[in-house]
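The primary structure of each chain is shown beneath.
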Amino acid sequence: MKAVLSNWLASDVGYSFRTSPVAMAAAAVAFVCIFCSLFANWVAPHNPFDLTTLELSDAHLPPGWMPQGHAKYPLGTDEQGRDILSALMFGARISLVVSLVSVALSVLAGVALGLVAGFFGGWIDSFLMRLCDVMLSFPAILIALLIAGVGRALFPDAHTSVAFGVLILAIALTGWVQYARTVRGSTLVERQKEYVQAARVTGVAPLRIMTRHVLPNVLGPVFVLATIQIATAIIIEATLSFLGVGVPPTSPSLGTLIGQGNSYLLSGEWWIALFPGLMLILIALSVNLLGDWLRDALNPRLR
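The rules behind each value
- Residues numbered from 1 in each chain as written.
- Predicted model: local features only at pLDDT ≥ 70, side-chain atom pairs only at ≥ 80, totals over all residues.
- Heavy atoms only, no water.
- Helix = DSSP H or I, 4+ residues; strand = E, 2+ residues; numbered from the N terminus.
- Buried < 20%, exposed > 50% of the residue type's maximum accessible area, 1.4 Å probe, protein only.
- Contact = heavy atoms within 4.5 Å.
- Areas by Shrake-Rupley, 256 points an atom, 1.4 Å probe, with all protein chains shown as cover.
- Lys, Arg positive; Asp, Glu negative; His and termini not counted.
- Charge placed at Lys NZ, Arg CZ, Asp CG, Glu CD.
- Salt bridge = Lys/Arg side-chain N within 4 Å of Asp/Glu carboxyl O.
- Core = buried A, V, L, I, M, F, W, Y, C linked by side-chain atoms within 4.5 Å.
- Axes fitted to C-alpha atoms, helices over the stretch in contact; angles between N-to-C directions.
- Parallel < 35°, antiparallel > 145°, perpendicular 65-115°, else oblique.
- Left-handed = near helix turned anticlockwise from the far one by under 90°.
- Nonpolar A, V, L, I, M, F, W, Y, C, P; charged D, E, K, R; others polar.
- Expected span 1.5 Å × (residues − 1).
- Arc of directions from axis to C-beta.
- Phe/Tyr/Trp six-rings, centres within 6.5 Å; stacked < 30°, edge-to-face > 60°.

Please clarify how the overall build of the protein chain should be interpreted in this entry.
When helices and strands are counted, the protein chain shows 14 helices and zero strands. Written out in order from the N terminus, the α and β elements of the protein chain read α-α-α-α-α-α-α-α-α-α-α-α-α-α. Considered along the principal axes of its C-alpha atoms, the protein chain spans approximately 75 × 50 × 30 Å. Counting every position in the protein chain, which comprises 303 residues, the buried fraction comes to 42%. Expressed as a percentage of contacts within the protein chain between residues at least 6 apart in sequence, the contacts between residues at least 24 apart total 72%. Element-wise, carbon and sulfur atoms account for 69% of the exposed surface of the protein chain, whose accessible area totals about 15,900 Å². Each charge sign in the protein chain was given a centre, from 17 positive and 16 negative side chains, and these centres are 17 Å apart.

Below, the structure written as structure tokens:
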């Protein structure tokens, strides 16, 4: 593991990372947020979703540095007496899991369809690209709202796992188009090169040519796009949860926490909505900055 890390740091991409303060700072912030989210059961000072540990007498406490605050709750508490800091860790974990799974599904669908469209061309290419045009003509959040709303209408008493599945599907169906168009464009270039023509002449099956020869050469832009899309997926999930069509209230994400705190802004209890919003901004901004760095690092024209 140490040798792999040393080799990576010695590579062109590793050198670009070591010489970019913005990339290093963004990676540090993203690592802290992801670590605290994934290991919230051990890192969080409280379990905000364990009803047996909640104390209603501690509800609406301000952050610990304020006169009426308590050191036990560094970022204050909400209307149920839940620790805001712990709720951020558990809520961010839900947002990250939903966004990562939805982006993974978008990558699988988009790369497969883009590879087929670019390699075979003809009516397949025309049909898939017109489908992409239709998807791009609607705002992503509108499509996600439609799918999430239809899913909730079809399964009104669905289990939590089904609700998560509908939300992941809604986000995934709004993101596959970018991967399909990117991979299709790269495949159109790669299929004209000599190594692909040689493979065709020697009788290699088209599926093997696509997966073994063309696919590895078109994945560079996909990695960059996937990194940036993670931040977009987090924001879409937060928006849906804020509007009440996202994750179930029993498993609140950052969007749900922001929505719950929004009703207390005018009452002066600003911390209930402010800190979940800042957490969302930190995660999205750090991931976006990493995506921008990766795009520049993998661009041979900028070396």
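Any chance you could explain the pattern of salt bridges here in plain terms?
A side chain of one charge can pair with a side chain of the opposite charge if their charged atoms are brought near each other. Within this structure, the stated rule accounts for six salt bridges. Salt-bridge contacts for Arg184 lead to Asp125; the nearest nitrogen and oxygen are separated by 2.8 Å. Of this pair, Arg184 sits in helix H9 (residues 176-190) while Asp125 sits in helix H6 (residues 122-136), and the two are 59 residues apart along the sequence. For Arg184, a relative accessible area of 24% translates into the label partly exposed. Across the salt bridge formed by Glu190 and Lys193, the nearest N and O atoms sit 3.1 Å from each other. Counted as one network, the salt bridges with shared partners bring together Arg130, Asp133 and Arg181.

Help me understand the nonpolar core in this model?
A general tendency of soluble globular proteins is for nonpolar side chains to be buried together. Residues Leu88, Val98, Ile171, Val214, Leu254, Met279 and Ile283 are the most contacted members of the largest nonpolar core, which totals 50 residues. With sequence-adjacent residues up to four places away left out, Met279 is seen in contact with Cys33, Ser37, Leu88, Ala92 and Leu254.

Would you take a moment to explain the packing of helix H12 (residues 219-242) against helix H13 (residues 254-262) for this structure?
Packed helices, taken two at a time, are described by their axes: the angle between them and the distance between them. Close contact between H12 and H13 brings their axes to 7 Å; oriented N to C, the two are set at 40 degrees. It follows that H12 is oblique to H13 by the angle criterion. By crossing handedness, the relation of H12 to H13 is classed as right-handed. For the pair formed by H12 and H13, the contact residues are Ala238, Ser241 and Phe242 on the first element and Gly255, Thr256, Ile258, Gly259 and Asn262 on the second. The residue inventory of the contact of H12 with H13, partitioned by class, reads three nonpolar, five polar and no charged.

I keep staring at helix H5 (residues 84-120) and nothing clicks. Help me out?
An α-helical turn contains 3.6 residues, so a residue and the one three or four places further along point in the same direction. Spanning 37 residues, H5 covers 53 Å between terminal C-alpha atoms, matching the ideal 54 Å at 1.5 Å per step. Positive phi shows up at Gly121, right after H5, with a value of about 65 degrees.

How do you make sense of helix H11 (residues 206-214) when you look at a structure like this?
Ile209, Met210 and Val214 are the residues of H11 that are buried. Relative to the axis of H11, the buried residues are bounded by an arc of 95 degrees and lie together on one face. Within H11, the exposed residues directed more than 90 degrees away from the buried face are Leu207 and Arg212. Those residues of H11 that are buried lie in contact with H5, H9 and helix H10 (194-201).

For this particular structure, what's the right way to read the packing of aromatic side chains?
Each aromatic ring pair is described using two quantities: the centre-to-centre distance and the angle formed by the ring planes. Across all of its chains, the model carries seven aromatic pairs by this definition. Ring centres 6.2 Å apart and planes at 55 degrees place the aromatic pair Phe39 and Trp42 in the tilted group. Look at Phe119 and Phe120: their rings are 5.3 Å apart centre to centre, the planes differ by 85 degrees, and that puts the pair in the edge-to-face class. For Phe120, a relative accessible area of 42% translates into the label partly exposed.

Please clarify how the environment of Phe275 should be interpreted in this entry.
As for its placement among the helices and strands, Phe275 is situated in helix H14 (residues 271-297). Looking at Phe275, the relative accessible area reads 12%, which means it is buried. Once the C-alpha coordinates of Phe275 and Gly203 are considered, the two residues, 72 residues apart in sequence, prove to be 60 Å apart. Sequence-distant contacts of Phe275, that is, excluding residues within four places in its chain, are made with Pro63, Trp65, Leu75, Ile84, Leu88 and Trp270.

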